[in-house]
Amino acid sequence: MIRVVVVDDQALVRRGLRGLIEDEEDIEVVGEASDGLDAVAVVRRTPADVVLMDIRMPGVDGLEATRRITANPELAGTRIIVLTTFEVDEYVFDALRYGASGFLLKDAPPDDILNAIRLVHEGQALLAPSVTRRVVRELLTARTRVLRPHPNLGELTPRETEIVALVGRGLSNDEIADELFLSPATARTHVSRAMTKLAARDRAQLVVIAYQSGLVD
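Residues numbered from 1 in each chain as written. Predicted model: local features only at pLDDT ≥ 70, side-chain atom pairs only at ≥ 80, totals over all residues. Heavy atoms only, no water.

All of the buried residues along helix α8 (residues 173-180) are N173, I176, A177 and L180. Down the axis of α8, the buried side of the element spans an arc of 100°, and every buried residue falls inside it. Summarising the contacts, the buried residues of α8 are in contact with α7 (158-168), α9 (184-197) and α10 (203-212). Two residues or fewer after α8 comes F181, characterised by a positive phi angle close to 55°. (Buried < 20%, exposed > 50% of the residue type's maximum accessible area, 1.4 Å probe, protein only. Helix = DSSP H or I, 4+ residues; strand = E, 2+ residues; numbered from the N terminus. Arc of directions from axis to C-beta. Contact = heavy atoms within 4.5 Å.)

Written out as structure tokens, the structure is:
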């Protein structure tokens, strides 16, 4: 069973998500929280695989709660999906930087929410290439950029560095393969090795690293 914690300051939203999940045979809700502080406490107390995390909550918000959860080595196996009302919310990038595995619109179709839980639980990032491109474009045009190159960037081969830059631009493995005249399997291998060297939790974090390291123009 995939264990899920639902975090939202609106009881109606929590009830709706619980009702949706409880109809599934492979997913169960093991906890709820109405704010970020409570969310951290619930996840520490109750082992969870995936957290559906609202960002805008009173007190400790979802961004800070995400940071606290992903910074805790004991919770390394917990993945976070950010819930937002906008595709390119001003907090989305910060949530990804703090270790969230992706984001969902609150009004996403039920099947999309369930599929997202399963994908993130399998270790995949919930960032479609088209969405990644929109997020990066928004960041490059709307933010004052402060470069913070990853300390392990020098461990990458030139090819791996090139591929991390393409991941940061929002290209899928197949698109990277086409761009660099590689086989899809080779592209996947390079992405996997780069993630290992940079200690990236998933592809979403690799996008953040590429952006912060100045690999995305």
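Next comes the rest of the account.
Strand pairing in a sheet is mediated by backbone hydrogen bonds. Such pairs are either parallel or antiparallel. Here 5 strands make up an open sheet; going across it, the order is β2-β1-β3-β4-β5 and the pairing parallel. Two strands in the sheet have a free side with no partner beyond their single neighbour: β2 (27-33) and β5 (102-105). Averaged over all neighbouring strand pairs, the angle between strand axes comes to 25°, with direction disregarded. Taken strand by strand, helix α1 (residues 11-22) contacts β1 (2-7), β2, β3 (50-54) and β4 (79-84), and its axis lies near 165° from that of β2. Each of β1, β2 and β3 is contacted by helix α2 (residues 36-45), which is oriented at about 135° to β2, the strand it contacts most. (Pairing = 2+ DSSP bridges. Axes fitted to C-alpha atoms, helices over the stretch in contact; angles between N-to-C directions.)

Looking now at the pairing of β4. Here β4 lies mainly inside the structure; 6 of its 6 residues are buried. Side chains R79, I81 and L83 project from β4 onto one buried face, and the interleaved I80, V82 and T84 project onto a second face that is buried too. Inspection of the sheet shows β3 paired to β4 by 5 bridges, in the parallel sense. The residue of β4 that forms the bridge with M53 is V82. Considered for its hand, the β-α-β crossover made up of β3, helix α3 (residues 62-70) and β4 is right-handed. Taken together, the 4 bridges between β4 and β5 define a ladder with parallel strand orientation. (Right-handed = clockwise from strand over helix to strand, strands pointing away.)

Right, let's talk about the nonpolar core for a bit. In this structure, V5, V7, V51, M53 and I69 are the most contacted members of the largest nonpolar core, which totals 27 residues. Those residues within four positions of I69 in sequence are excluded, and the remaining contacts are V40, V43, M53, L75, T78 and I80. Residues I163, V167, A187 and A210 belong to the second largest nonpolar core, which totals 21 residues. (Core = buried A, V, L, I, M, F, W, Y, C linked by side-chain atoms within 4.5 Å.)

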